[in-house]
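Examining the three-dimensional arrangement
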Amino acid sequence: MCIRDRPRIVRDLARQSKKPVNFSMSGMDIELDRSILDELQAPVIHMLRNAVDHAHEGGAAREAARKPPTMTLVLRALRDRDRVLIELEDDGGGIDPERVRKKAVQRGLIDEVRARALPDAA
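Summary of the structure given here.

What counts, and where the lines are drawn
- Residues numbered from 1 in each chain as written.
- Predicted model: local features only at pLDDT ≥ 70, side-chain atom pairs only at ≥ 80, totals over all residues.
- Heavy atoms only, no water.
- Core = buried A, V, L, I, M, F, W, Y, C linked by side-chain atoms within 4.5 Å.
- Buried < 20%, exposed > 50% of the residue type's maximum accessible area, 1.4 Å probe, protein only.
- Helix = DSSP H or I, 4+ residues; strand = E, 2+ residues; numbered from the N terminus.
- Contact = heavy atoms within 4.5 Å.
- Pairing = 2+ DSSP bridges.
- Salt bridge = Lys/Arg side-chain N within 4 Å of Asp/Glu carboxyl O.

**Let's talk about the nonpolar core**
Ranked by internal contacts, the top residues of the largest apolar core, which has 15 residues, are Val10, Val21, Phe23, Leu48, Val52, Met71 and Leu73. Sort the elements by how many residues they give to this core and helix α2 (residues 34-55) lands first, with six residues. With residues up to four places along the chain from it excluded, the contact list for Leu73 reads Val10, Val21, Asn22, Phe23, Ser24, Leu48, Ala51, Val52, Leu88, Glu89 and Asp90.

**Structural notes on the pairing of strand β2 (residues 71-80)**
Note that strand β1 (residues 21-26) and β2 share six bridges and pair parallel. Among the inter-strand pairings, Phe23 is bridged to a residue of β2, identified as Leu73. By the bridge criterion, eight bridges tie β2 to strand β3 (residues 83-90) in an arrangement that is antiparallel. Opposite Ala77, over in β3, you have Ile86 as the bridge partner. Between β2 and β3, which follow one another and run antiparallel, lie two residues, and Arg81 among them has a positive phi close to 55°.

**Overview of the pattern of salt bridges**
This model, assessed by the stated rule, comprises 11 salt bridges. A salt bridge links Asp12 to Arg8, with the shortest nitrogen-to-oxygen separation between them at 3.6 Å. Of this pair, Asp12 and Arg8 are both found in helix α1 (residues 6-17), four residues apart, which corresponds to roughly one turn of the helix. Taking relative accessible area as the criterion, Asp12 reaches 24% and is therefore assigned partly exposed. For Arg62, the salt bridge goes to Glu57, with nearest N and O atoms at 2.9 Å. Classification of Arg62 by relative accessible area gives buried; the value is 0%. When salt bridges with common partners are traced through the structure, they connect Glu57, Arg62, Lys67 and Asp91 into a single cluster.

Rendered as structure tokens:
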């Protein structure tokens, strides 16, 4: 599977979850070593799957937030001197800090007192 397969992957994920997604990519002309591309496959697919599964709020929630029913999802590769940055941007619901706190406590990563004291940005 190569980087060019991403639109098909997102289209399939969107269809399976019944969540419409407008997906675009930029920077795909940046050349990378094949071994680096191979290492990026799983993390990029994981990020795309999370965006479709979790960032897309669903039709009713998007409508209530006055957003179009179709989520916009953009995968970018940017060259920064000798590095390549991979960005994934969406117009979804964002991260719910309270939900993250609860999950962290449930998984034993942090105790409840410390979780409540954490600012949302943390």
